[in-house]
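# Structural overview
Listed below, chain by chain, are the residues.
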Amino acid sequence: AQSVTQLDSQVPVFEEAPVELRCNYSSSVSVYLFWYVQYPNQGLQLLLKYLSGSTLVKGINGFEAEFNKSQTSFHLRKPSVHISDTAEYFCAVKGNTGFQKLVFGTGTRLLVSP
Amino acid sequence: GAGVSQTPSNKVTEKGKYVELRCDPISGHTALYWYRQSLGQGPEFLIYFQGTGAADDSGLPNDRFFAVRPEGSVSTLKIQRTERGDSAVYLCASSLGGGSGRQETQYFGPGTRLLVL
């Protein structure tokens, strides 16, 4: 079984500042990792994913994440945020063999202010 | 290129009533998933369909919850004798297949917000 920990429930940041949203996971098998964003009253939109290969993954809207196997982390970063980045961000993990459930963290609310 | 659609977008019902929530996946996607998202939480897996069959229903909380996908496309989540604790957003997702590789990406619908009074 897998689990995900997003320690920060809320991250306030000023516009144009850099941001990092933390994600740690636990799994007994190799995993796929995902970041999803959820805007108010909308469904989840995939930001980026790690399946294999390069540990630095680039996604949409200028976001990137780095898979660190030794630290079991997959932190999300953006060098300069915009007001429009205000949303809920979810990290998710699943085992990479056969069917395995996608397991989500509790989410981090990113609040960007001017 | 339509995405995943869900109807209704909002549903208010009374305790003890029966409800049906519908999901239309992306055309050609063989895998379909239902999740439940309670306030302040991440989505929690309910059930996974591969084609017409439920390949994994281990997330269904009890026997009041049931889901079908009779023709391998549209799916209906059915909740009998609703309880106030069933209030949540029910999300549907689909993917091209349930196997490994790039097919693993799940695309989510906007959800159905269920309120049980």
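Structure: above.
Per chain, the residues get numbers from 1 upward, laid out in the order the sequence is written. To read the labels, note that chains go from A and ligands from 1, taken in the order they are written. The model is predicted, so local features are restricted to residues of pLDDT at least 70 and side-chain atom pairs to those at 80 or more, both for listing and for counting; the totals for chains, interfaces and linings are taken over all residues. Water and hydrogen atoms were dropped before computing side-chain values, which therefore reflect all heavy atoms in the structure.

We now examine the overall build of chain B. Only runs of H or I of at least four residues qualify as helices and only runs of E of at least two qualify as strands under DSSP, and these elements are numbered from the N terminus. Counting its secondary structure elements, chain B contains zero helices and 11 strands. Going from N to C terminus, chain B has its helices and strands arranged as β-β-β-β-β-β-β-β-β-β-β. Based on C-alpha atoms, the radius of gyration is set beside the globule rule, defined as 2.2 Å times the residue count to the power 0.38. Scaling as 2.2 N^0.38, a compact globule of 117 residues should have a C-alpha radius of gyration of about 13 Å, and chain B matches this with 14 Å. For chain B, the spread of C-alpha atoms along the three principal axes comes to 40 × 25 × 25 Å. Exposed residues in this analysis have more than 50% of their type's maximum accessible area, buried residues have under 20%, and partly exposed residues fall in between, with area computed by a 1.4 Å probe over protein chains only. In chain B, which comprises 117 residues, the proportion classed as buried is 47%. Whether two residues touch is decided by their heavy atoms; if any such pair falls within 4.5 Å, the residues are in contact. Expressed as a percentage of contacts within chain B between residues at least 6 apart in sequence, the contacts between residues at least 24 apart total 56%. Only the protein chains shown count as cover for residues, and the accessible areas themselves come from Shrake-Rupley with a 1.4 Å probe. Carbon and sulfur atoms provide 48% of the accessible area of chain B, an area that totals close to 5500 Å².

We now examine the sheet that holds strand 3 (residues 19–24) of chain B. Each strand in a sheet pairs with another by means of backbone hydrogen bonds, the pair being arranged parallel or else antiparallel. All names here are of chain B. The strand order 1-3-8-7 describes an open sheet built from four strands, whose pairing is antiparallel. The open sheet is flanked by strand 1 (5–7) and strand 7 (65–68), the only strands paired with a single partner. When strand polarity is set aside, the average angle formed by the axes of neighbouring strands in this sheet is 15°. Any two strands with at least two DSSP-identified bridges between them are counted as paired. Note that strand 7 and strand 8 (residues 75–79) share four bridges and pair antiparallel. Bridge assignment links F65 to a residue of strand 8, and that residue is I79. Axes, fitted as lines to C-alpha atoms, cover a helix only where it is in contact. Angles between the N-to-C directions of the axes lie from 0 to 180 degrees.

Take the nonpolar core next. Ranked by size, the top nonpolar core spans 28 residues in total, and within it W35(A), L48(A), L76(A) and Y89(A) carry the most contacts. Elements supplying a minimum of two residues to this core: strand 2 (10–14), strand 3 (19–21), strand 5 (31–38), strand 6 (44–50), strand 8 (64–68), strand 9 (73–78), strand 10 (87–95) and strand 12 (108–113) of chain A. Not counting chain neighbours up to four residues away, the residues in contact with Y89(A) comprise Q6(A), L21(A), W35(A), Y36(A), V37(A), L47(A), F63(A), L76(A), G107(A), T108(A) and L110(A). Nonpolar cores were defined as sets of buried Ala, Val, Leu, Ile, Met, Phe, Trp, Tyr and Cys residues, with membership established by side-chain atoms within 4.5 Å. Counting 20 residues, the second largest nonpolar core, distinct from the first, contains V19(B), L21(B), L60(B) and I79(B).

Residues and elements named next belong to chain A. Extensive coverage of strand 10 is indicated by the burial of nine of its nine residues. Along strand 10, one buried face is formed by A87, Y89, C91, V93 and G95 and the opposite face, lined by E88, F90, A92 and K94, is buried too. Here strand 5 runs beside strand 10; their pairing, made up of eight bridges, is antiparallel. When the sheet's bridge partners are listed, Y32 is paired in strand 10 with K94. The pairing of strand 10 with strand 11 (residues 103–104) spans two bridges and is classified as antiparallel. Opposite A92, over in strand 11, you have F104 as the bridge partner.

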